[in-house]
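Each chain, written out:
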Amino acid sequence: MIKAVIFDMDGVLIETEKWLNIYWQQAAKEAGFYFTREHGLAIRSLATKYTGPYLQKIFGPEFDYEAIRARRKQLMKEHIEKNGIEKKPDVDEILDYLRSKNIKTAVATATDPERTKQYLTQIGIYDKFDQLVSATTVENGKPEPDVYLYACEQIGEKPKDCIAVEDSPNGILSAYRAGLSVVMVPDLAEPDEETAKLLYAIFDTLAGLKTII
């Protein structure tokens with residue numbers, strides 16, 4: 001019996017992944033690196049402690065991860081201030097549906113707590129979750145299981161009784177390792193063969209969750 005649904009944020013609840021990818025490319029280009037869309041896809045939801053070494057392995061030790069990341073965050077901040085944040089399809093519908101079924105909801109995101117609260121408040125869904133958990137508050141972020149194990153602990157449910165909703169391989173692996181049933185709602189890319197093996201279900205939009213609750 002499903003007792004809780006735990007959502008990733010970027011790319012699942014809010015339309016930010018495509019902009020994060022674009023601004024990673026821009027920030028890296030400004031620093032003199034040929035950073036492609038595929039590089040951006042590979043680091044979706046990847047914890048900061050892993051992202052720096054991963055990118056330096058590709059681009060070399062001269063890739064100043066902290067500086068380039070800071071520039072990317074600046075570009076993203078300017079974009080949001082100018083354009084706001086767009087919800088992904090069916091967000092309110094599925095959150096209201098889950099509440100009507102007395103199913104707990106939580107967020108498990110790689111984004112820091114301050115920006116998580118800011119973004120979800122800005123689009124009017126902050127109060128619809130029982131718990132918000134950021135990977136920055138656990139020892140190991142995605143793709144390790146820590147953030148999902150901690151989220152389950154915070155809402156008082158066992159991983160086997162929870163569904164995770166993700167859009168990226170790193171997030172899917174994190175939830176799978178934690179023992180949750182993983183649902184993918186693809187954002188920028190469909191699952192590859194290995195990722196597909198980890199999935200309980202895949203839906204075009206969040207509304208698909210209704211069919212398995």
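Keep in mind the model is a prediction, meaning the values are calculated, not measured.

A. Seen up close, the pattern of salt bridges. Taken as a whole and assessed by the stated rule, the structure comprises 15 salt bridges. Of the charged contacts, one joins Glu166 and Lys142 as a salt bridge, the two residues approaching to 2.8 Å between their closest N and O atoms. Taken as a pair, Glu166 in strand 4 (residues 162-166) and Lys142 in the loop between strand 3 (131-134) and helix 7 (146-155) lie far apart in primary sequence, 24 residues in all. Glu194 serves as the salt-bridge partner of Lys197, at 3.2 Å between the closest nitrogen and oxygen. Here Lys197 falls in the exposed class, since its relative accessible area comes to 56%. Among the ionic contacts, a cluster of salt bridges with common partners joins Lys87, Asp92, Asp96 and Lys128.

B. Inspection of helix 4 (residues 65-83) at higher detail. For helix 4, which comprises 19 residues, the first-to-last C-alpha distance of 26 Å matches the rise-based estimate of 27 Å (1.5 Å per residue) to within 8%. What helix 4 keeps buried is the set Tyr65, Ile68, Arg69, Arg72, Leu75, Met76, His79 and Ile80. Axial view of helix 4: buried residues confined to an arc of 135°, hence all on one face. Of the exposed residues in helix 4, those oriented more than 90 degrees away from the buried face are Lys77, Glu81 and Lys82. Considering only its buried residues, helix 4 is in contact with helix 1 (17-30), helix 3 (48-59) and helix 6 (113-122). Backbone geometry just downstream of helix 4 places Gly84 in the positive-phi region, at approximately 75°.

C. Structural view of the side chain of Arg69. Locating Arg69 in the fold gives a position in helix 4. Although Arg69 is buried, it forms no salt bridge, and the closest oppositely charged side chain is Glu66 at an N-O distance of 4.2 Å. Apart from the residues within four sequence positions on either side, Arg69 is in contact with Trp24 and Thr48.

D. Here's a closer look at the packing of aromatic side chains. Using the criterion set out here, one finds eight aromatic pairs in the structure. Where Trp19 meets Tyr23, the ring centres are 6.3 Å apart and the plane angle is 25°; that geometry is what we call stacked. Here Trp19 pairs with Tyr23, and both are found in helix 1, just four residues apart, close to one helical turn. Seen from their ring centres, Phe35 and Phe59 are 5.9 Å apart, and the 20° between their planes marks the pair as stacked. Here Phe35, found in the loop between helix 1 and helix 2 (37-42), pairs with Phe59, found in helix 3; they are 24 residues apart in sequence, far enough to count as distant.

E. Representation of the packing of helix 1 against helix 4 in the model. Interhelical geometry of helix 1 versus helix 4 gives an angle of 130° and a closest axis separation of 8 Å. As summarised for this structure, helix 1 and helix 4 are arranged oblique, according to the angle between their axes. Crossing hand, helix 1 versus helix 4: right-handed. Listed contacts from helix 4 to Trp19, Leu20, Tyr23, Trp24, Gln26, Ala27, Ala28 and Glu30 of helix 1 are Tyr65, Ile68, Arg69, Arg71, Arg72, Leu75, Met76 and His79. Here the residues of the contact of helix 1 with helix 4 are counted per class, giving ten nonpolar, two polar and four charged.

F. The arrangement of the environment of Gln56 in detail. Note on placement: Gln56 falls in helix 3. Setting aside residues up to four positions removed in sequence, Gln56 forms contacts with Pro61, Phe63 and Tyr65.

G. Representation of unusual backbone geometry within the structure. A cis amide bond, omega 15°, links Lys142 with the succeeding residue Pro143. Residue position: Pro143 is located in the loop between strand 3 and helix 7. Look at Asp90: it is not a glycine, yet its phi comes out positive at around 70°. When you line up the elements, Asp90 lands in the loop between helix 4 and helix 5 (91-100).

H. Seen up close, the nonpolar core. The biggest cluster of nonpolar side chains holds 44 residues, and the ones touching the most others in it are Phe7, Leu13, Phe63, Val165, Leu206 and Leu209. Mapped onto this core, the elements with two or more residues apiece are strand 1 (4-7), helix 1, helix 3, helix 4, helix 5, helix 6 and strand 4. Among all residues touching Leu206, those that are not within four sequence positions of it are Phe7, Val12, Leu13, Pro89, Asp90, Val91, Ile94, Val165 and Val185. In this structure, Ala106, Cys162, Ala178 and Leu180 belong to the second largest nonpolar core, which totals 21 residues.

What counts as what
- Residues numbered from 1 in each chain as written.
- Predicted model: local features only at pLDDT ≥ 70, side-chain atom pairs only at ≥ 80, totals over all residues.
- Heavy atoms only, no water.
- Salt bridge = Lys/Arg side-chain N within 4 Å of Asp/Glu carboxyl O.
- Helix = DSSP H or I, 4+ residues; strand = E, 2+ residues; numbered from the N terminus.
- Buried < 20%, exposed > 50% of the residue type's maximum accessible area, 1.4 Å probe, protein only.
- Expected span 1.5 Å × (residues − 1).
- Arc of directions from axis to C-beta.
- Contact = heavy atoms within 4.5 Å.
- Lys, Arg positive; Asp, Glu negative; His and termini not counted.
- Phe/Tyr/Trp six-rings, centres within 6.5 Å; stacked < 30°, edge-to-face > 60°.
- Axes fitted to C-alpha atoms, helices over the stretch in contact; angles between N-to-C directions.
- Parallel < 35°, antiparallel > 145°, perpendicular 65-115°, else oblique.
- Left-handed = near helix turned anticlockwise from the far one by under 90°.
- Nonpolar A, V, L, I, M, F, W, Y, C, P; charged D, E, K, R; others polar.
- Core = buried A, V, L, I, M, F, W, Y, C linked by side-chain atoms within 4.5 Å.

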